[in-house]
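Structure at a glance
Below are the chains, spelled out letter by letter.
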Amino acid sequence: MFSLIQRSRRLFTITLVMAILTLTGCQSVPQKGLTPAQIAVLKQEGFKLTDEGWAFGLSGKVLFGSDIDSLNPQSTTIVERIGKSLLGVGIERVRVDGHTDASGKEAYNEQLALRRAKSVATVLATTGMKQDNIQLRGLGSRQPVASNDTADGRAENRRVSIVVSAN
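Conventions adopted
Residues numbered from 1 in each chain as written. Predicted model: local features only at pLDDT ≥ 70, side-chain atom pairs only at ≥ 80, totals over all residues. Heavy atoms only, no water. Helix = DSSP H or I, 4+ residues; strand = E, 2+ residues; numbered from the N terminus. Buried < 20%, exposed > 50% of the residue type's maximum accessible area, 1.4 Å probe, protein only. Contact = heavy atoms within 4.5 Å. Axes fitted to C-alpha atoms, helices over the stretch in contact; angles between N-to-C directions. Parallel < 35°, antiparallel > 145°, perpendicular 65-115°, else oblique. Nonpolar A, V, L, I, M, F, W, Y, C, P; charged D, E, K, R; others polar. Polar contact = N/O pair within 3.5 Å; in protein donor to acceptor, adjacent residues only side chain to side chain. Left-handed = near helix turned anticlockwise from the far one by under 90°.

An unreviewed UniProt entry lists the chain under the name Outer membrane protein OmpA, with Pseudomonas mohnii given as the organism.

And the structure:
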């Protein structure tokens, strides 16, 4: 009988110690991902959750003319607002993806897309974001959001996306 009580106490003690160690481990792990405040700002600015993170598609908001890689004043204002909002909640790293329509050769389109991404990165840098924290990709016409068979579709495909990773 005494042996059964000892075993029960020992099992209870082991279980209690394991529970305490588990809770202690949970408390010491640094938070990964975005905070609720950061997510709220991303949503407020128009970012959408995608497979690659939170993306702000500048299609329809910041469109580029055919063979144009510079932002107009209205587009610059939008990118400045986004940069300030991101920095305001501690988001300091982004990826900027440039895109083109399917007109022209793909090698040229990839370079044009990269120049478009750089123009957005330049504006983000003026808001205080470090250039080293801005990853650039020139994707050319590989990821269309609309048909390249119409002028409206091609205009939608000439765009830039700002992506914030959830990690």
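**Notes on the overall build of the chain**
Counting its regular elements, the chain contains five helices and five strands. Each of the 167 residues in the chain was classed as buried or not, and the buried ones make up 35%. For the chain, the proportion of contacts with a sequence separation of at least 24, taken over those separated by at least 6, is 73%.

**Considerations on the packing of helix α2 (residues 36-45) against helix α3 (residues 73-88)**
Helix-helix packing is characterised by the crossing angle of the two axes and by the distance between the axes. At a minimum axis separation of 10 Å, α2 and α3 run at an interaxial angle of 170°. Classified by the interaxial angle, the pair formed by α2 and α3 is roughly antiparallel. Note on element contacts: α3 touches α2 through R81, I82, S85 and L86, opposite V41, L42 and E45. Class assignment for the residues of the contact of α2 with α3 results in four nonpolar, one polar and two charged.

**Some words on the environment of N157**
Looking at the element boundaries, N157 is found in helix α5 (residues 151-157). For N157, a relative accessible area of 0% puts it in the buried group. With residues near it in sequence (within four places) discarded, N157 still touches H99, T100, D101, P144, V145, A146, S147 and N148. A distance of 3.1 Å separates the side chain of N157 from the side chain of N148, its partner in a polar contact.

**Looking at the packing of α3 against helix α4 (residues 106-126)**
Running from N to C, α3 and α4 point in directions that differ by 50°, and their axes come no closer than 8 Å. Overall, the two elements α3 and α4 adopt an arrangement that is oblique. Pair α3 / α4 crosses with right-handed handedness. Counted together, T76, V79, E80 and G83 of α3 and V120, V123, L124 and T126 of α4 form the full contact between these two elements. Looking at the contact of α3 with α4 residue by residue, the class counts come to four nonpolar, three polar and one charged.

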